[in-house]
There are 2 protein chains.
Amino acid sequence: MTEDRWTPPAVLLAVDLVILTLRESHLQVLLVERGVEPYKGALALPGGFLRDAEEDLTAAARRELAEEAAMDVEPLHLEHLGVYGEPGRDPRGRVVSVAYLAIAPGLPEPVAGTDAAGARWQRADRVLSGELELAFDHRRIVADGVEKARAKLEHSALATAFCGPVFTIADLQRVYEAVWGIPLDPRNFYRKVQKTSGFIVAAGSERKVTTGRPARLFRAGPRTVLYPPMVRPAEQPNAKGREE
Amino acid sequence: MTEDRWTPPAVLLAVDLVILTLRESHLQVLLVERGVEPYKGALALPGGFLRDAEEDLTAAARRELAEEAAMDVEPLHLEHLGVYGEPGRDPRGRVVSVAYLAIAPGLPEPVAGTDAAGARWQRADRVLSGELELAFDHRRIVADGVEKARAKLEHSALATAFCGPVFTIADLQRVYEAVWGIPLDPRNFYRKVQKTSGFIVAAGSERKVTTGRPARLFRAGPRTVLYPPMVRPAEQPNAKGREE
DNA sequence: ATAATAGTGTCTGTTAGACACTATGGG
DNA sequence: CCCATAGTGTCTAACAGACACTATTAT
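Residues numbered from 1 in each chain as written. Chains lettered and ligands numbered in written order. Predicted model: local features only at pLDDT ≥ 70, side-chain atom pairs only at ≥ 80, totals over all residues. Heavy atoms only, no water.

A. Representation of the protein's contact with DNA strand C in the model. The immediate surroundings of DNA strand C are formed by 19 residues, with R187, Y190 and R216 of chain A together with R187 and K192 of chain B found nearest. Backbone sugar and phosphate groups make up 55% of those atoms of DNA strand C lying within 4 Å of the protein. Between DNA strand C and R187 of chain B there is a distance of 3.5 Å, counted from a base nitrogen to a side-chain nitrogen or oxygen. Counting residues per element, the ones that place at least two in the surface near DNA strand C are α6 (186-195) and β9 (215-220) of chain A together with α6 (186-195) of chain B. The biggest single contributor to the surface near DNA strand C is α6 of chain B, with four residues. Residues of the surface near DNA strand C, tallied by class, amount to five nonpolar, five polar and nine charged. (Near = heavy atom within 4 Å. Polar contact = N/O pair within 3.5 Å; in protein donor to acceptor, adjacent residues only side chain to side chain. Helix = DSSP H or I, 4+ residues; strand = E, 2+ residues; numbered from the N terminus. Nonpolar A, V, L, I, M, F, W, Y, C, P; charged D, E, K, R; others polar.)

What follows is the structure, encoded as structure tokens:
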């Protein structure tokens, strides 16, 4: 933010998107198969370069998502995730990538777009475990996105966005269990969610899915930030930073 | 991360730094007086453009800090804060700025460097209130940095870093009160900190500062992440997202 | 009736917050 | 003595976690 008389170097600016959804009880991330070098044929996050020097970063992110996955981009809320800019992360030269995170309810199977040979949902745990290899440093970006999503469930009413317009409390619990990767007690979850006023509100009727007593239906309430938060059990009670 | 045959636009990449410290019981932020247009003479965060296309982002941040504030940059831990890249935020053209946050104990008064007419500590609350005007969108960046610092006090042992090598529990409490901007009960704070094992460890002797009973001395313990966290009282019990 | 899921009641251990109280120094 | 700060004890209300129990449907 200073200097003159000397010309600062220009860099290539890219955006990458971590789009998370819940499908078949698993947290899934949208990946595309790269159609061009480098890493041609490999799986990667959707993303790409800014189109022109006036394009807004989030606009670029939405455009890339529409191009590569033909997704309806309107309703997505994009959130800044991080910047990945180590020299050498892209063989084409100095590329600094700004990553965005979006979390959304059961999104449809995307169709192949123009830039990518294909776009598909993949289970996030398979990416994190290394079972699926990703181009560039995209695995790291996915890991950061998943961790951010887990944290957001604690402090925001985001989980309701994973469900349809109406849902049962058990539906909501499945969201938490899938994203956090741990089982929760249904009874305690039930009351915890109920007493967090403004989180969910009753929606008249009931629903019968398969067997058992029909469940009441709810919709998302007006509250966006949860205080007190939904507590996520400590990941590893005796991990780093812990002792006693 | 796709496309070829067409050349992506280059943008100017800058780094900005939010350096926070605690001086005279107030959270303070390091600001420089801009020596060049635009905003010449105005207060701004230290920062600047990448020197060359191979420079690492954090390296650029450290270099700018050394140049503009002649600060010893070695021990600072820089943490990614955000990206500020709206078109039009800089009159010189498309500038995307990556902001970093550093939090450190009683740093010395900086001396004027080469790029800036001066660098000085300013109270963060004066910046947030608008009493001090900042160039560009730097006030917003400071606000994001302060909020991040407040959150970090909750979940990490960062507060001990604001104190000297040894400190009393009252010293530590003053850190929390200054950063959070609220008073805490000394008795409850005392026990809360004590029972969070690994947070602080006893350091032999005692200290008598002015009047009253001498206090025991402690030093930072081995634990870096606090679980359970130090809970920060809800900012506004009835603010956005709240009701009932 | 049985299975299965929804929803309620209740106990227990822990914790935040309030605040009385004791301890130990300097005038 | 008094004052000020350090440190302890203790009560209460809220809450997480465990889990028995009741309710309501389909088969």
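B. Up close: the relation of the copies chain A and chain B. In screw terms, the move from chain A to chain B is a rotation of 179 degrees and a rise of 0.1 Å along the axis, fitting with an RMSD of 0.3 Å. In the structure described here, the two chain copies are related by an operation that fits a two-fold rotation axis. Taken as a fraction of all interface residues of chain A, those also at the interface in chain B reach 100%, which identifies the copy contact as same-surface. (Least-squares fit on C-alpha atoms with pLDDT ≥ 70 in both. Contact = heavy atoms within 4.5 Å.)

C. Representation of the nonpolar core within the structure. Core analysis: the biggest nonpolar cluster contains 52 residues, and L13, I19 and L65 of chain A together with L13, I19 and L65 of chain B have the highest contact counts within it. Discounting residues that sit within four places of it in the chain, I19 of chain B has contacts with Q28, V29, L30, L65, L76, A102, L107 and W121 of chain B. (Core = buried A, V, L, I, M, F, W, Y, C linked by side-chain atoms within 4.5 Å. Buried < 20%, exposed > 50% of the residue type's maximum accessible area, 1.4 Å probe, protein only.)

D. Fine view of the protein's contact with DNA strand D. Taken together, 18 residues lie near DNA strand D, and R187 and K192 of chain A together with R187, Y190 and R216 of chain B sit nearest. Of all atoms in DNA strand D that approach within 4 Å of the protein, 56% are sugar or phosphate atoms. A distance of 3.2 Å separates a base oxygen of DNA strand D from a polar side-chain atom of R191 of chain B. In the model, a base oxygen of DNA strand D is placed 3.2 Å from a nitrogen or oxygen of the R213 of chain B main chain.

E. Looking closely at the domain arrangement of chain A. Residues and elements named next belong to chain A. In terms of domains, chain A is made up of domain 1 (12-138) and domain 2 (154-220). Just the C-alpha atoms count here: the centres of domain 1 and domain 2 sit 29 Å apart. Taken together, the connections running from domain 1 to domain 2 amount to zero salt bridges. In this assembly, domain 1 and domain 2 are joined by zero residue pairs in polar contact (both at pLDDT 80 or more). A total of three residues in the side of domain 1 that touches domain 2 trace back to one element, the largest contributor, which is strand β1 (residues 10-23). Residues of the side of domain 1 that touches domain 2, tallied by class, amount to six nonpolar, three polar and no charged. (Domains from an automatic or database assignment. Salt bridge = Lys/Arg side-chain N within 4 Å of Asp/Glu carboxyl O.)

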